[in-house]
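Structure at a glance
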Amino acid sequence: MTAPDPIRPLADRRQQQMPAPVPAGTGSTYLVTGGAGFIGSHTVQALRARGDRVVVLDDLRQGHAEAVPADVPLVVADLADRARLAEVFSTWKIDAVLHFAALSLVGESMTDPIRYCRDNLANAMNLAEAAVAGGCRRFVLSSTAALFLPPEDGSPIADDAVPNPQNAYGESKYLIERALVWADKVHGLRTAALRYFNAAGCDPEGVLGEDHDPETHLIPIAIDAALGRRPPLAIFGTDYPTRDGTAIRDYIHVCDLASAHLAALDRLEVGSCRYNLGTGTGTTVQEVVAAVERVSGRKVPVRDAPRRAGDPAVLVARSDRFQIDTGWEPRMRRLDDLVATAWNWRQRHPDGYRSRPAAKLAAG
Ligand SMILES: NC(=O)c1ccc[n+]([C@@H]2O[C@H](COP(=O)([O-])OP(=O)(O)OC[C@H]3O[C@@H](n4cnc5c(N)ncnc54)[C@H](O)[C@@H]3O)[C@@H](O)[C@H]2O)c1
Ligand SMILES: O=c1ccn([C@@H]2O[C@H](COP(=O)(O)OP(=O)(O)O[C@H]3O[C@H](CO)[C@H](O)[C@H](O)[C@H]3O)[C@@H](O)[C@H]2O)c(=O)[nH]1
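Residues numbered from 1 in each chain as written. Chains lettered and ligands numbered in written order. Predicted model: local features only at pLDDT ≥ 70, side-chain atom pairs only at ≥ 80, totals over all residues.

A few points about the site of ligand 2
- Close to ligand 2 lie 21 residues; Thr-144, Ala-145, His-217, Phe-236 and Ala-247 are nearest.
- The set of elements that each furnish at least two residues to the shell around ligand 2 consists of helix H7 (218-226) and strand S8 (233-236).
- Within the shell around ligand 2, the residues separate by chemical class into 13 nonpolar, five polar and three charged. (Near = placed C-beta within 6 Å. Helix = DSSP H or I, 4+ residues; strand = E, 2+ residues; numbered from the N terminus. Nonpolar A, V, L, I, M, F, W, Y, C, P; charged D, E, K, R; others polar.)

Some thoughts on the nonpolar core
- Among the nonpolar cores identified, the biggest contains 110 residues, and Val-56 and Ala-222 are the most heavily contacted of them.
- Ala-222 has contacts with Leu-233, Val-288, Val-289, Val-292 and Val-300, leaving out every residue within four places of it along the chain. (Core = buried A, V, L, I, M, F, W, Y, C linked by C-beta atoms within 7 Å. Buried ≥ 20, exposed ≤ 12 C-beta atoms within 10 Å, placed from the backbone. Contact = placed C-beta atoms within 7 Å.)

Remarks on the sheet that holds strand S14 (residues 314-315)
- A sheet is described by the order of its strands in space; here three strands give the open sequence S12-S9-S14, paired in mixed fashion. One side of each edge strand has no neighbouring strand; the edge strands of this open sheet are strand S12 (283-284) and S14.
- The pairing of strand S9 (residues 248-249) with S14 spans two bridges and is classified as parallel. Considered in S14, the bridge of Arg-249 is made with Leu-315. (Pairing = 2+ DSSP bridges.)

So, helix H6 (residues 168-187)
- For H6, built from 20 residues, the straight-helix expectation of 28 Å at 1.5 Å per residue is met to within 8% by its first-to-last C-alpha distance of 28 Å.
- Buried residues of H6: Ala-168, Tyr-169, Gly-170, Glu-171, Ser-172, Lys-173, Tyr-174, Ile-176, Leu-180 and Ala-183, and no others.
- Looking at the packing, one finds that the buried side of H6 touches helix H4 (106-109), helix H5 (113-133), strand S5 (138-144) and strand S6 (190-196).
- Among the residues trailing H6, Gly-188 stands out with phi positive, at a value near 75°. (Expected span 1.5 Å × (residues − 1).)

Concerning the site of ligand 1
- Taken together, 26 residues surround ligand 1, and among them Gly-34, Gly-37, Phe-38, Gly-63 and Ser-104 come closest.
- Among the elements of the structure, helix H2 (38-49), S5 and strand S7 (198-200) are those that each provide at least two residues to the shell around ligand 1.
- No other element matches the three residues that H2 contributes to the shell around ligand 1.
- Split into classes, the residues belonging to the shell around ligand 1 amount to 11 nonpolar, 11 polar and four charged.

A few points about unusual backbone geometry
- With omega at 0°, the peptide bond leading from Asp-213 into Pro-214 counts as cis.
- Of note, Pro-214 is situated in the loop between S7 and H7.

Structural notes on the packing of helix H9 (residues 285-296) against helix H11 (residues 335-348)
- Interhelical geometry of H9 versus H11 gives an angle of 65° and a closest axis separation of 9 Å. Like other packed secondary-structure pairs, H9 and H11 cross with a definite hand, here right-handed. Across the interface between the two elements, Ala-291, Val-292, Arg-294, Val-295 and Ser-296 from H9 touch Leu-335, Asp-336, Val-339, Ala-340 and Trp-343 from H11.
- Per-class residue counts for the contact of H9 with H11 are seven nonpolar, one polar and two charged. (Axes fitted to C-alpha atoms, helices over the stretch in contact; angles between N-to-C directions. Left-handed = near helix turned anticlockwise from the far one by under 90°.)

A short note on the sheet that holds strand S3 (residues 74-75)
- Spatially, seven strands are ordered S3-S2-S1-S4-S5-S6-S11 in an open sheet, and the strand pairing comes out parallel. Only two strands of the sheet have a single neighbouring strand rather than two, namely S3 and strand S11 (273-277).
- Sheet analysis places strand S1 (residues 29-33) next to strand S4 (residues 96-99), joined by four bridges and oriented parallel. Its bridge partner being in S4, Thr-33 is matched across the sheet by His-99.

Observations regarding the UniProt feature "domain: NAD-dependent epimerase/dehydratase" (unreviewed entry) in the chain
- As recorded in UniProt, the feature "domain: NAD-dependent epimerase/dehydratase" (unreviewed entry) lies at residues 31-278.
- Within residues 31-278, the helical portion is 36% and the strand portion 18%, while the C-alpha atoms at the span's ends are 24 Å from each other. (UniProt positions renumbered as here; feature names shortened; annotations may be inferred.)

Quick look at the packing of H7 against H9
- At their nearest, the axes of H7 and H9 sit 10 Å apart, and the two run at 50° to each other. Comparing the axis directions of H7 and H9 gives the class oblique. The way H7 lies across H9 gives a crossing that is right-handed. Contacts between H7 and H9 pair Leu-218, Ile-219, Ala-222, Ile-223 and Ala-226 from the former with Val-285, Val-288, Val-289, Val-292 and Ser-296 from the latter. (Parallel < 35°, antiparallel > 145°, perpendicular 65-115°, else oblique.)

Focus on the environment of Val-181
- Structurally, Val-181 can be placed in helix H6.
- Accessibility expressed as a C-beta count within 10 Å gives 14 for Val-181, which makes it partly exposed.
- When the C-alpha atoms of Val-181 and Asn-120 are compared, they prove to be 16 Å apart, with 61 residues separating the residues in sequence.

A few points about the environment of Cys-202
- For Cys-202, the location among the structural elements is in the loop between S7 and H7.
- Residue classification places Cys-202 among the buried residues on the basis of 29 C-beta atoms within 10 Å.
- Along the backbone, Cys-202 and Trp-343 are 141 residues apart, and their C-alpha atoms lie at a distance of 8.7 Å.

Looking at helix H3 (residues 82-91)
- Buried within H3 are the following residues: Leu-85, Val-88 and Phe-89. Buried residues of H3, seen end-on, are gathered within an arc of 90° and therefore sit on one face of the element.
- Elements that come into contact with the buried residues of H3 comprise S1, strand S2 (53-57), S3 and H5. (Arc of directions from axis to C-beta.)

If you want it as structure tokens, here you go:
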């Protein structure tokens, strides 16, 4: 590569094969896989806000080029493509990898477990191999609460709880965590496995949001049901042993997860680690519905439905160790505030990223 090309307009970026290197500057360069997706794009925003250089790799199967800032190189590639990965690490000097790109739906993993275990593990290993060959020493893995069999009493799950996945998605992430232990022991690739609980909400400015096709996550579905943009919300399970019979999750704001990644990158200077990331507060499906109704001022039409395969009754995190070790803490603690950010995004982008004009995007 010679002199950097100017960043191309959005329409061209979807076809872009290998963008120009980031211009030289100070600070680190981070490779964010899945950086056009929900949590990845918010993390790119946080990295850029503190002045870091970022390269995004995403094949856009779920992600959106519009979610990647115009001046951030976007490599449109599948992690299965090892030659492209090697090219990325030879084009840029990558200081750390943040690995978000994965198959990540609990329900789908219970109908296609082999694909989940194979693709998630193989793609992560392709990436780790390219990182090691490229001299990269830090790797942050998007892991999950689905690693755990929740305690019967519904108490918060600590970082040192023994993993016991209840679905193939969780198993695939545990396989990656295990394999990366060996990448550290043998190759010195330090890894932070961040087990997020339920990521939710959106950028408070309403620039970035959650836009999946199909959407499976509770809060955006409840919002669209309130708006009459989809059928009534199916409540998966009303006979759980919880305060109102619906399942309990720990909803953590996506911007708090993004800031946790910045803290984890610093934490990796000390060595490999694994942490649970949540708020420590459990919320039922019914309580989420009530919050959407308060924030939107609209009724959320609902219907009772059977439990979804692989769904535990209660998943709540203990993340005090991460807070003690790094000083990080979740800032968006009120459910209504969190839901309001998702509502704000939907108001401003009724059709998701498609609502956003490309010209405006390229500018910011
Ligand atoms: N959303 C949650 O509540 C949650 C909770 C725990 C863990 N996680 C994990 O966090 C990560 C990000 O989740 P998300 O909700 O932002 O998902 P997302 O689907 O919005 O983002 C994932 C991105 O990765 C890309 N991608 C997927 N497979 C790819 C491949 N083979 N090659 C290149 N790009 C690929 C997609 O196009 C998408 O842009 C995932 O690894 C997920 O397992 C998410
Ligand atoms: O239409 C819906 C959608 C969801 N739910 C319920 O709402 C809760 C949250 O479901 P989501 O689909 O929003 O999120 P999950 O808990 O299934 O999974 C999310 O968090 C997990 C960790 O807790 C994983 O990491 C996963 O990647 C991520 O999608 C669950 O009890 C689910 O059964 C419904 O009742 N109806």
